[in-house]
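Breakdown of the fold
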Amino acid sequence: MGDKDEKGDKQKIKITRLIILILSALLLFGNNYSFDNPQALQSQIMEEVHISLTEFNYLYSFFSLPNILLTLIGGYIIDRIGCRKSILIFASLVTVSQIIIAFGGKYKSFNLMLIGRVFLGVASENLIISQNVIITAWFKGHQLSTASGCIVTLPEIAAALNSYFSPMIYDYTGSITYPLFTSVLVCFFSLLCAFLLLFFDKSRESILSQEKLEKSTISSNDETHDNLNDNQQNKQNNIHAEKARLQEIKEFPALYWYLTAICTLCLGIYISFMDDVSDYYQKKFQFKAVEAGKFITIPYIFSALLCPFIGYYIDKVGHRRFFLMITSSLFIIAQILFGSVHVASNDKWIAAIPLIIQGLAFTCYSCVMIPCVQYLVDQKYMGTAFGILGMFESIALCCFPLIASKIVESAEDLQTGYKNMSLFYSILGLFSLFLCIALYHYESSNKLDFIDPNNPLPEEIRKLNEYSMITEEKCSVSEDK
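Residues numbered from 1 in each chain as written. Predicted model: local features only at pLDDT ≥ 70, side-chain atom pairs only at ≥ 80, totals over all residues. Heavy atoms only, no water.

The name given to the chain in an unreviewed UniProt entry is Major facilitator superfamily (MFS) profile domain-containing protein, with Paramecium sonneborni as the source organism. According to its UniProt record, the chain has this under Subcellular location (unreviewed entry): "Endomembrane system". UniProt lists a comment for the chain under the heading Sequence similarities (unreviewed entry), and it reads "Belongs to the major facilitator superfamily." (UniProt positions renumbered as here; feature names shortened; annotations may be inferred.)

So, in structure tokens, the structure goes:
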């Protein structure tokens, strides 16, 4: 009877984790759909509201500008008040912000749209931080990369649906008002998912405590492994007992700062380029608006399909430092192809190749880079860590689109301008690759290469110690010589 109860409890925990995973993904469904509304309607917004390319990119720069400081403050607040209250606050603000943007489109008020984008940026980035905190709490040590990959799936589908349907809704109605208000409805759906997520998250403390007890029983025969698990599990289960303090930032490991710089460059390349990709394909490759919208769905769909599998693979093999270099290399290759590919009217499928590579690069970013950050910082400081990351990413997302639009507008023609823009993003990709190589050699015993960095197996620790001893012996021999 006891065994049956134990099996029943384990099954209940698995089901609860699955529900948390699905609701966490749906939490960002409306957020991602709304974020890329301007991108899907780029030429239509520029025409109806009478703005230039640089002014259009203000919709993305103003989205990121306040987050240069507010994500750090928001991350600290999330650590203080908890991710549940934070999710409710920021999910509500996302909905209100999109309503403001929709009315700005209805009344052709660019200033009102900018105000809405500012509020959306504050709410969106902090909502993502809150979601990352809750996912880390549930899945750290339980295939976190797999969970991160699955989390990306539904929001990426939302972005794809926006790119596909928003131009079609515009063509059918002849106004940007209707696709913008469609986003409002999607945001209300995600807000409902936020309430459901908070309901199921109430069981987190009891489940984590139960798993801690089971793990300590199983590992009681291995004293070394026990001590490692006890120290880390105690940290994880003191989430609510200990409050974050900003002075702890100075204790973040150097690897965290390497990853912050790499993530900032990679996300800046991806998001900033995708902001202008609709106009890019219409002007550089002579696509029609609806046709460009369909092509733009490729990286989103590609990410949605591959993220769960790549995340699962990373959880099985580790070697995250190597995959960091692969990620940066893919971003570089994609941008080189965007700038160099020439598309004939009868060979438009060629334009899909760089989009596929772009989608694969973002998939690796989501499944490799973000979980690496989550493994390097204690749970009680997770909100602050993601707040700092968000602050630097916001700087990139504020500056990169404006720099790119100035590059395009200063060129002799649009073809040359967009080619130069791809060159700009390629150079940023090279910087990120250099940082990945530096991180790879920074610490030869990097724990990120373990399958579970939080709980490395004793055998892995033994091999690591042997490797360190050999390295030290080689260094001493070379010094003697």
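All right, on to a nonpolar patch on the surface then. Residues Leu69, Leu70, Ile73, Ile77, Ile81 and Ile89 make up a contiguous nonpolar surface patch of about 510 Å² in total accessible area. With five residues, helix α6 (residues 67-81) is the single largest residue contributor to the nonpolar patch. Turning to its location among the elements, Ile89 is positioned in helix α7 (residues 83-106). With relative accessibility at 49%, the residue Ile89 sits in the partly exposed group. (Patch = residues over 30% accessible without salt bridge, like charges linked within 9 Å, V, L, I, M, F, W, Y side chains within 5 Å. Areas by Shrake-Rupley, 256 points an atom, 1.4 Å probe, with all protein chains shown as cover. Salt bridge = Lys/Arg side-chain N within 4 Å of Asp/Glu carboxyl O. Helix = DSSP H or I, 4+ residues; strand = E, 2+ residues; numbered from the N terminus. Buried < 20%, exposed > 50% of the residue type's maximum accessible area, 1.4 Å probe, protein only.)

With respect to the element layout, Ser24 can be found in helix α1 (residues 2-27). At a separation of 2.7 Å, a polar atom in the side chain of Ser24 contacts the main-chain carbonyl oxygen of Ile20. Setting aside residues up to four positions removed in sequence, Ser24 forms contacts with Gln131, Ile134, Ile135, Ile151 and Leu197. (Polar contact = N/O pair within 3.5 Å; in protein donor to acceptor, adjacent residues only side chain to side chain. Contact = heavy atoms within 4.5 Å.)

Moving on: the packing of aromatic side chains. Aromatic ring pairs are described here by two measures, namely the spacing of the ring centres and the angle between the planes. The final tally for this structure, using the stated rule, is 30 aromatic pairs. Between Phe103 and Tyr107 the ring centres are 6.3 Å apart and the planes differ by 10 degrees, which places this aromatic pair in the stacked class. By relative accessible area, Tyr107 is classed as exposed at 56%. Geometrically, the ring pair formed by Tyr270 and Phe362 is stacked, given 4.2 Å between the ring centres and 10 degrees between the ring planes. Taken together, the residues Tyr270 in helix α13 (residues 254-275) and Phe362 in helix α17 (residues 352-376) connect sequence positions 92 residues apart. The exposure classification of Tyr270 matches that of Phe362, with both residues buried. (Phe/Tyr/Trp six-rings, centres within 6.5 Å; stacked < 30°, edge-to-face > 60°.)

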